[in-house]
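What follows is each chain in one-letter form.
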Amino acid sequence: MPSLCPDAALSAFLGVGCFLCVETILFSLQFSNLLGTVYRRGNLNFTCDGNSVISPVGNRVTVFDLKNNKSDTLPLATRYNVKCVGLSPDGRLAIIVDEGGDALLVSLVCRSVLHHFHFKGSVHSVSFSPDGRKFVVTKGNIAQMYHAPGKKREFNAFVLDKTYFGPYDETTCIDWTDDSRCFVVGSKDMSTWVFGAERWDNLIYYALGGHKDAIVACFFESNSLDLYSLSQDGVLCMWQCDTLPEGLRLKPPAGWKADLLQREQEEEEEEGDRETTIRGKATPAEEEKTGKVKYSRLAKYFFNKEGDFNNLTAAAFHKKSHLLVTGFASGIFHLHELPEFNLIHSLSISDQSIASVAINSSGDWIAFGCSGLGQLLVWEWQSESYVLKQQGHFNSMVALAYSPDGQYIVTGGDDGKVKVWNTLSGFCFVTFTEHSSGVTGVTFTATGYVVVTSSMDGTVRAFDLHRYRNFRTFTSPRPTQFSCVAVDASGEIVSAGAQDSFEIFVWSMQTGRLLDVLSGHEGPISGLCFNPMKSILASASWDKTVRLWDMFDSWRTKETLALTSDALAVTFRPDGAELAVATLNSQITFWDPENAVQTGSIEGRHDLKTGRKELDKITAKHAAKGKAFTTLCYSADGQSILAGGMSKFVCIYHVREQILMKRFEISCNLSLDAMEEFLNRRKMTEFGNLALIDQDAGQEDGVAIPLPGVRKGDMSSRHFKPEIRVTSLRFSPTGRCWAATTTEGLLIFSLDTRVLFDPFELDTSITPGRVREALRQQDFTRAILMALRLNESKLVQEALEAVPSGEIEVVTSSLPELYVEKVLEFLASSFEVSRHLEFYLLWTHRLLMLHGQKLKSRAGTLLPVIQFLQKSIQRHLDDLSKLCSWNRYNMQYALAVSKQRGTKRSLDPLGSEEEAEASEDDSLHLLGGGGRDSEEGMLAES
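On a predicted model such as this, the values are computed, not experimentally measured, just so you know.

**Student:** Could you give me a rundown of the pairing of strand E29 (residues 375-380), with the residues and numbers involved?
**Tutor:** Most of E29 is tucked away, with 5 of its 6 residues classed as buried. Two strands pair when backbone bridges link them, and strand E28 (residues 365-370) and E29 are joined in this way by 6 bridges, in the antiparallel orientation. Within E29, the position partnered with Ile366 by the bridge is Trp379. In textbook terms, the turn of a hairpin is the stretch between consecutive antiparallel strands, and for E28 and E29 this stretch comprises 4 residues, one of which, Gly374, has a positive phi near 70°.

**Student:** Explain the packing of aromatic side chains to me, and be specific about the residues and the numbers.
**Tutor:** Inspection of the entire model under this criterion finds 41 aromatic pairs. Relative to Phe749, the ring of Phe31 has its centre 6.0 Å away and its plane inclined at 75°; by these criteria the two rings are edge-to-face. Residue Phe31 is found in strand E1 (residues 29-35), and its partner Phe749 is found in strand E59 (residues 746-751); the two are separated by 718 residues along the sequence. Each member of the pair, Phe31 as well as Phe749, is classed as buried. Measuring from ring centre to ring centre gives 5.9 Å for Phe117 and Tyr146, while their planes differ by 80°; the resulting arrangement is edge-to-face. Highlighted residues: Phe117 in strand E9 (residues 112-118) and Tyr146 in strand E12 (residues 142-147), separated in sequence by 29 residues.

**Student:** Describe in detail the nonpolar core, supporting the description with residues and values.
**Tutor:** Core analysis: the largest hydrophobic core is formed by 40 residues, its most contacted members being Ile784, Leu827 and Trp843. Listed by contribution, the elements that provide at least two residues to this core are helix H7 (768-776), helix H8 (780-790), helix H9 (793-801), helix H10 (808-813), helix H11 (817-830), helix H12 (837-856) and helix H13 (859-901). Dropping the residues within four chain positions of it, Leu827 is found in contact with Leu800, Tyr840, Trp843, Thr844, Leu847 and Leu869. Residues Cys633, Ala636, Ile666 and Trp738 belong to the second largest nonpolar core, which totals 20 residues.

**Student:** Outline the pairing of strand E42 (residues 514-518), supporting the account with residue identities and numerical values.
**Tutor:** Direction of pairing for strand E41 (residues 504-508) relative to E42: antiparallel, over a ladder of 4 bridges. Across the sheet, residue Ile504 finds its bridge partner in E42, namely Leu518.

**Student:** With reference to specific residues and values, describe the sheet that holds strand E16 (residues 192-196).
**Tutor:** Within a sheet, neighbouring strands are paired by backbone hydrogen bonds and run either parallel or antiparallel to one another. Judged by pairing direction, the sheet is antiparallel, and its 4 strands sit side by side in the order E14-E15-E16-E17 without closing on themselves. Taken across any chain shown, the strands that pair with only one partner, and hence form the sheet edges, are strand E14 (171-176) and strand E17 (205-208). Each strand axis lies, on average, 20° off the axis of its neighbour in the sheet, ignoring direction. Across 5 bridges, the pairing between strand E15 (residues 182-187) and E16 is antiparallel. Each residue of the ladder has a partner; that of Val185, found in E16, is Trp193.

**Student:** Talk me through H8; I want residue IDs and the actual numbers.
**Tutor:** Of all 11 residues that make up H8, 9 are buried, and the element is covered over most of its length. Buried residues of H8: Phe780, Thr781, Ala783, Ile784, Leu785, Met786, Ala787, Leu788 and Leu790, and no others. Asn791 sits one or two residues past H8 and shows a positive phi near 60°.

**Student:** Would you mind going over the packing of H11 against H12 in detail, with residue names and values included?
**Tutor:** Axis separation between H11 and H12 bottoms out at 10 Å; the angle between their running directions is 145°. H12 is crossed by H11, and the crossing has left-handed handedness. Where H11 approaches H12, its residues Glu817, Val820, Val823, Leu824, Phe826, Leu827 and Ser830 are matched on the opposing element by Tyr840, Trp843, Thr844, Leu847, Leu848, His851, Lys854 and Leu855. In the contact of H11 with H12, the residues fall into 10 nonpolar, 3 polar and 2 charged.

What counts, and at which threshold
Residues numbered from 1 in each chain as written. Predicted model: local features only at pLDDT ≥ 70, side-chain atom pairs only at ≥ 80, totals over all residues. Heavy atoms only, no water. Buried < 20%, exposed > 50% of the residue type's maximum accessible area, 1.4 Å probe, protein only. Helix = DSSP H or I, 4+ residues; strand = E, 2+ residues; numbered from the N terminus. Pairing = 2+ DSSP bridges. Phe/Tyr/Trp six-rings, centres within 6.5 Å; stacked < 30°, edge-to-face > 60°. Core = buried A, V, L, I, M, F, W, Y, C linked by side-chain atoms within 4.5 Å. Contact = heavy atoms within 4.5 Å. Axes fitted to C-alpha atoms, helices over the stretch in contact; angles between N-to-C directions. Left-handed = near helix turned anticlockwise from the far one by under 90°. Nonpolar A, V, L, I, M, F, W, Y, C, P; charged D, E, K, R; others polar.

Here you go:
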């Protein structure tokens, strides 16, 4: 039944019936941002202007804009977790390589994938040359140099130029000279190799030793061939070269070789470049050393002089200021000045190992990534302050909730933390750590300033978002574990369901006292939900029932809805006229709560499309019989419902037609378990499944293989693949986006208005030319109506902004009621990007004052638009009120200081000091407070 019927799909696309609006919105929803996870593994990069950090997050890449305080996840994904990112010198291109060796060439300007490439092996690092013409990748024990894409017009974006052999073990790091003539490669075999990017006569390769552990990083000095090498045991070696970069000579061809080379060059110009191979030797013969570049070790420094020995894990070097930043496995970083090796700064920033370090172009900001805790830190070392400090949930997120205006999202995780995220910036701005066990449910009150959470530690806590404190803690008479929480529409009644005592506890938000204990269920409570319009509580349980409780009628059971299987989730429609229940047999049933009658059902087992885990003994088809939807959420208009569970898909059903409209794929990351429907036959051998063997054992971040007789090491360490699942779903009250907490993080899908063309009552006589002609004739109402029927945002903006401010009231009064909603929706979206704040506030004020009574009769359908408008205006109110308060305080402070110091003022024709002070207060009120009060008044009226 829920499979996508061709006739229904055709009618949806043709816009027949009520499908038109819903289908247009749902098919326009696209992935927009990833919150809740800021860093997983891989290398960090600063953009060329030094204002943004590029961080790999799972199989995606997020750009954190530190100047504008925003985070943005690129709309692309790799097949496995991202391992390394290489950024071009001009900041336009990026090469993103995952664990499987697949690479994406990405344009950071248009945020799209330009080319796919497979390196046929695991790549450890990638680095562009400073001139942007070449880039080098380290793969296995070799280094490969490619022609950088974009410099020449050719079909293949990645053309292999040279392959460099020499190291015996895996290569780990790369660095280039400033003139792009040479590059250096570090290896796990404790050697450092200098290679020439061209055919130099006196430098083809050079091997450097001197270390007793794997090389972590190596760096060239500025405008020099001198270099530094750092090993994992905390040793820094300084190497001096006897030749300047200008002293490198090209190898001239002679005799028949010159003729042959000339012919080859002519052929290369016609056919393209060919690969050359350079094989280095650790101990070259003496005749090969004559007339060549020579290196000598100047100094050797140790980081662990105090005896606090721990591994050096990451390093970065700023060539202009000679700053060396080193990160260690204990979470400490050191800042040294080279070549004197003077310690400038040392700080412990984490409990876990520092996995990556990066310095911006000016040398002021240092970025640190800690993969163990998922931390991303940006530190300004001169002022010793944090520019950015973000951390996701240590374990998986299990619950989320939108604030009533859609501006904030609160999430709860298994680590016991409650985090509040700003949907506009993408950053977490407060973290509550009062819970001592996993959080099971979160919700906002109707005001949007109180967050209520339930936890397995036996408490329900209320947090204040004004003062950022836990102001109420609700407990039960006997210790119990709470599995869900709900707050009624007034915000006065808090209820939580118990997992072990099968009871529902009800408290008063004002007093914090326990009001009643609702008994009757015979199984654990799996979900609670209040009716948005009435004080009726719906409780779902594993005893195959959903009970409706009337909060005003002595807490009696109003109705008991019998189900065919265990209830896993329950939710009310936004208008409270319908109830949806997800059960263990993969069904979604719809009920009329007034009459306790079932109105419909959806069979969703085949829509889940569960995958097969690597260690499963049965196929995915048979495993799907035990999977079900575990979370439900109605859309803002109540016409469709979102469902998710133990699968990588989120399904959207049309409630009235009971058909599947769209299925969103949450992730395509094969580094997670249960992603593929069929097992990889290559891993199936006659001895069993290779997935039982830890493939990453022995690597730097894998589990060390314990040998017989060895007692050293952590025997409890495990390397596992987390299973993909959707734990919670919520639709934004504005109706323009929805969010899901998954194994990957907090994913947000929103409307992509850039590619959406959705005309409204369009006919052939309406064109952009006719709209502009009406504007020239000053027929503003007709121009606005035609622009709204075309529904192009630029055209609507042009028509609205052409209306003089004095004629706004006349134009708004002549707008038909059907178009008022369209104008309000456009104004709400324009508030987020436009600077014409007062002009759009006048439009909003006039529309609501003139058409308020008529709009009130359609409050149910208009609620998402009004909430979207409120969210946009509230954001401006917060920004302006802070700015005005700050300006007022500064002026009060300046006046107070001038009085205290007794500075003489110019002679005024004032009679006394009291009059002077009164005039100062008046001018202060006009400059500081008046602007804010008038702004708040205008916002309040609108």
